[in-house]
Amino acid sequence: MKNNVVLGAFLCLISAISWGAMFPVANHAFQHIDPLYFTIFRYGFVTIILIVWLLWKEGKQAFRFEGKGWHLWFYGTMAFAVYNLLIFWGQDLLGNPGTMIASIMESLMPMISIIIAWVFIRQRPHAFTMFCVFIGFVGASLVVTKGDFGAFFTAKNDILPSLLIFIAVVGWVVYTMGGSRFSKDGWSALRYSTLSCLLGTATALVVVLGATLSGYVSFPTVETIMITSPHIAFMVIFPGVIALVGWNYGVSVITPLNGLLFLNLVPVTTLVIQIVQGAGITVYDYIGTIFIIISLLTNNIFLRWQQRSKQPKENFEGRLQET
């Protein structure tokens, strides 16, 4: 059991660092290749790897939908079409600042999930949690607007790409929530990841083909593919296969509460890589990142305190019932 916990924590660590490194790598690749085709190549290979892995580990019976085909397609589309296409499209439209903005939005996933649970499941969060959510969004706003809120909202070229990134992140939150439904039904993280990835990537392929036929994008040349092949290889191995399956497994072992702590490393990793690359980092990027880290940490500590305070009460009530 202890070994499983160590492995789960390690996989969550690798996943968070991989997601943080994903955006600088993608930004460099977008100098040569369109983000839509970059996504298709990336998850085309990821899908093939996952199919072979699932077939080897669980056999042909694992590819049965068991009446869950539409749900798999919906959640897969949220992750591998909505999230992957829109987040890189928005990042590319924003240029260099989009790298940090996309990373910051990614780290807001726990906060966004709290809002979604409140709106759709009527699971009202504690006031302190809502305060943490507010602090997190203030941090994100500082990074997105660079402290100049008025100029940002009058710059139409920045609003739409930022909105695309936000919608993308919401899509991944919905996908993550869907995973808990399948795990309760006894589905492994690998099975859910593979089948949802297969259906979602198929949807993304249809979208990209439509964009190609309309003339919005064109199929990359062989030279372009060769230049970006190292970027695609990294995206397939780390943010793709390892982060996708590793995160789902790691969270199931160490619990989502502990897993959320690792998301603090996403913007930190992006920030460090950008500093090493010599990219322009503003003071608002630093402050915004610190705000988000503080909001995640304090909310996590508060939730742990709530759990511990409830435990003695539940144990006491249980002893009363036994007597």
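The structure we're discussing is the one just above.
For the structure given in this document, a descriptive report is provided here.

Cut-offs applied
Residues numbered from 1 in each chain as written. Predicted model: local features only at pLDDT ≥ 70, side-chain atom pairs only at ≥ 80, totals over all residues. Heavy atoms only, no water. Helix = DSSP H or I, 4+ residues; strand = E, 2+ residues; numbered from the N terminus. Axes fitted to C-alpha atoms, helices over the stretch in contact; angles between N-to-C directions. Parallel < 35°, antiparallel > 145°, perpendicular 65-115°, else oblique. Left-handed = near helix turned anticlockwise from the far one by under 90°. Contact = heavy atoms within 4.5 Å. Bend = angle between axes of the 7 residues up to and from the residue. Nonpolar A, V, L, I, M, F, W, Y, C, P; charged D, E, K, R; others polar. Patch = residues over 30% accessible without salt bridge, like charges linked within 9 Å, V, L, I, M, F, W, Y side chains within 5 Å. Areas by Shrake-Rupley, 256 points an atom, 1.4 Å probe, with all protein chains shown as cover. Salt bridge = Lys/Arg side-chain N within 4 Å of Asp/Glu carboxyl O.

1. Some details on unusual backbone geometry
- Even without being glycine, Glu66 reaches a positive phi, approximately 55 degrees.
- Note that Glu66 resides in the loop between α2 (35-58) and α3 (69-94).

2. Re the packing of α3 against helix α9 (residues 189-213)
- For the pair α3 and α9, interaxial distance at closest approach is 7 Å and the crossing angle is 60 degrees. Put simply, α3 runs oblique to α9. Both α3 and α9 take part in a crossing whose hand is right-handed. Side by side, α3 and α9 meet where Gly69, Leu72, Trp73, Tyr75, Gly76, Thr77, Phe80, Ala81 and Leu85 of the first sit next to Tyr192, Ser193, Leu195, Ser196, Cys197, Leu199, Gly200, Thr201, Thr203, Ala204, Val207 and Val208 of the second.

3. Describing helix α10 (residues 222-254)
- At Thr228, α10 shows its largest kink, close to 55 degrees, and the proline Pro230 lies no more than four residues downstream.
- A positive phi of about 80 degrees marks Thr255, the residue just after α10.

4. Description of the packing of α2 against α9
- Two elements in contact, α2 and α9, have axes whose closest approach is 9 Å; the angle formed by their N-to-C orientations is 150 degrees. It follows from the interaxial angle that α2 and α9 lie roughly antiparallel. For the pair α2 and α9, the crossing hand works out as left-handed.
- Considered class by class, the residues forming the contact of α2 with α9 number 16 nonpolar, 6 polar and 3 charged.

5. Brief notes about a nonpolar patch on the surface
- On the surface, Ile275, Val283, Tyr284, Tyr286 and Ile287 cluster together to form a nonpolar patch covering roughly 410 Å² of accessible area.
- Considering each element in turn, the nonpolar patch owes the most residues, 4 residues, to helix α13 (residues 283-322).
- Mapped onto the secondary structure, Tyr286 falls in helix α13.

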